[in-house]
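Secondary and tertiary structure notes
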Amino acid sequence: MPGRVLDSVAEQPDRRLIEGLNTRFIGHNIFHYPTIPSTQDVAMQAARAGAFEGAVVTADEQTSGRGRLQRSWLSPKDGSLSVSVILRPSARELARLFMVAALAAARSIEKATGLQTELKWPNDVLIDKRKVCGILIENELRGSAVSWAVVGIGININLDTSEHPEIAGMATSLSAETGRRVSRSEMLKCLLEELEAVYLASRGGAPVHQEWRARLVTLGTRVRANTGDSIETGCAESVDEDGALLLRRDDGSLVRIVAGDVTLRA
Ligand code: ATP
């Protein structure tokens, strides 16, 4: 039975973490680890082995947390929330997943803490220009069909960024911004509920890109986009319905930059 796959790899499955969770399928199958190299790796392994859509892997600590482009994501013990959610979207839905995940993360942080968030294109969540949440989406295709996608979300909860010089200047945490400890389980519950709500709305045809776009602080600013093949500089003018960034170069021409392995700097 596909739902059992995670049991064989989880050290301490703990379903109590999300008691009271009000979702149809996300988080009904949750596997929690005290320490793990990467929730994303375990979730991808489970997805390949046939885990149900909505199965979730979480950890108190990741020892090799990953961001995009194999960058490291710092998630020390009890300071952060590390969540990987297995989804089985259509190809159309996969293309919108980065907006769905960013919107859900922003909304859930606001709901759980009352803080105001901003989005940096395409899907970093910031508070007062500092990064509080990173998102990594990985997927596998079979031909043109999507086998699975894993949405990885890391949120700095009770993290003292000053203890981590590598991110101290550009990161923040919910406890630093609220001045109090924030409940990780409450944040997880909010996050999974919002993720499902936005995912289902998007699947039903709701224009999630509109709210996502309205939250982007990148628009109207001068940016440098490294696509791996080229570097483009100019003004981040707008985004289209697919979430691609329309960048106005200094010579007046417009270039469309698709969210993916792009690094954007102010
Ligand atoms: P960037 O935020 O540099 O534009 P990105 O969006 O391409 O990066 P992500 O995959 O979201 O990258 O995150 C990886 C980057 O985030 C790392 O390169 C590091 O600079 C930074 N980082 C690592 N751990 C944390 C953390 N706990 N909080 C905030 N930022 C972090």
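Values in this document were obtained by computation on a predicted structure and should not be read as measured data. (Residues numbered from 1 in each chain as written. Predicted model: local features only at pLDDT ≥ 70, side-chain atom pairs only at ≥ 80, totals over all residues. Heavy atoms only, no water.)

Around the ligand sit 14 residues, and of these Arg68, Arg71, Lys120, Lys131 and Asn156 come closest. Note that an oxygen atom of the ligand is positioned 2.6 Å from one of the side-chain N or O atoms of Arg71. Between the ligand and Asp124 there is a distance of 3.0 Å, counted from an oxygen atom to a side-chain nitrogen or oxygen. If you map the ligand onto the pockets, it falls in the largest pocket. Of the residues belonging to the shell around the ligand, the class tally is 5 nonpolar, 3 polar and 6 charged. (Near = heavy atom within 4 Å. Polar contact = N/O pair within 3.5 Å; in protein donor to acceptor, adjacent residues only side chain to side chain. 1 Å grid on protein atoms, 1.4 Å probe; cavity = no way out; pocket = protein on both sides within 12 Å on 5 of 7 lines; lining within 4 Å. Sits in = over half its atoms within 2 Å of the grid points. Nonpolar A, V, L, I, M, F, W, Y, C, P; charged D, E, K, R; others polar.)

Given 3.6 residues per helical turn, the α-helix brings residues three or four places apart onto the same face. Given a rise of 1.5 Å per residue, 23 residues ought to cover 33 Å, and the 34 Å separating the end C-alpha atoms of helix α2 (residues 91-113) matches this to within 8%. Within α2, the axis deviates most sharply at Leu97, by approximately 50 degrees. Most of α2 sits inside the fold, with 17 of its 23 residues counted as buried. In the segment just after α2, Gly114 is the residue with positive phi, at about 80 degrees. (Helix = DSSP H or I, 4+ residues; strand = E, 2+ residues; numbered from the N terminus. Expected span 1.5 Å × (residues − 1). Bend = angle between axes of the 7 residues up to and from the residue. Buried < 20%, exposed > 50% of the residue type's maximum accessible area, 1.4 Å probe, protein only.)

Now for the domain arrangement of the chain. According to the domain assignment, the chain contains domain 1 (2-214) and domain 2 (222-265). With 13 residues of domain 1 at the contact, the number on the domain 2 side is 15 residues. Taking both partners together, domain 1 and domain 2 bury about 1,100 Å²; carbon and sulfur atoms supply 58% of that area. For the domain 1 face of the interface with domain 2, the top three residues by lost area are Arg68, Leu69 and Trp121, together amounting to 47%. Run the count over domain 1 and domain 2 and you get 0 salt bridges. Applying the counting rule to domain 1 against domain 2 returns 6 residue pairs in polar contact (both at pLDDT 80 or more). Those elements that place two or more of their residues in the side of domain 1 that touches domain 2 are α2 and α6 (208-215). In terms of residue count, the dominant contributor to the side of domain 1 that touches domain 2 is α2 (4 residues). Taken together, the residues of the side of domain 1 that touches domain 2 break down into 7 nonpolar, 1 polar and 5 charged. (Domains from an automatic or database assignment. Contact = heavy atoms within 4.5 Å. Buried area = accessible area lost by both parts, 1.4 Å probe. Salt bridge = Lys/Arg side-chain N within 4 Å of Asp/Glu carboxyl O.)

This part covers the sheet that holds strand β8 (residues 222-226). If you walk across this open sheet you meet the 5 strands as β11-β10-β9-β8-β12, and the pairing is antiparallel. Only two strands of the sheet have a single partner each, and these edge strands are β11 (254-257) and β12 (263-265). Taken over all neighbouring pairs, the strand axes of this sheet differ in orientation by 45 degrees on average, direction set aside. (Pairing = 2+ DSSP bridges. Axes fitted to C-alpha atoms, helices over the stretch in contact; angles between N-to-C directions.)

Within the secondary structure, Gln62 is located in strand β2 (residues 56-62). Polar side-chain contacts of Gln62 include one of 2.9 Å to the backbone nitrogen of Thr39. A distance of 3.1 Å separates polar atoms of two side chains, one belonging to Gln62 and the other to Ser82. If sequence neighbours within four positions are ignored, Gln62 has contacts with Ile36, Pro37, Ser38, Thr39, Gln40, Trp73, Ser75 and Ser82.

The next subject is the sheet that holds β2. Overall, mixed pairing links the 7 strands, which are arranged β1-β2-β3-β7-β6-β5-β4 in an open sheet. Where the open sheet ends on each side, the last strands, each with one partner, are β1 (30-36) and β4 (118-120). Recorded for the sheet is a direction-independent mean angle of 20 degrees between the axes of neighbouring strands. Those strands touched by helix α1 (residues 39-48) are β1, β2, β3 (80-87), β6 (130-142) and β7 (145-156), and its axis lies near 160 degrees from that of β7.

As a further point, take the layout of surface pockets. Its volume calculated, the largest pocket comes out at about 1,100 Å³. If you go around the largest pocket, you meet 44 residues; those closest to its centre are Lys120, Asp124, Lys131, Met170 and Arg265. When residues of the lining of the largest pocket are assigned to domains, at least three fall in each of domain 1 (2-214) and domain 2 (222-265). Each pocket or cavity is described by its volume, and for the second largest pocket that value is around 530 Å³. Lining the second largest pocket are 23 residues, with Phe98, Ile137, Asn139, Ala259 and Gly260 sitting closest to its centre. (Points joined across faces, edges and corners; volume = space filled by probe spheres on them.)

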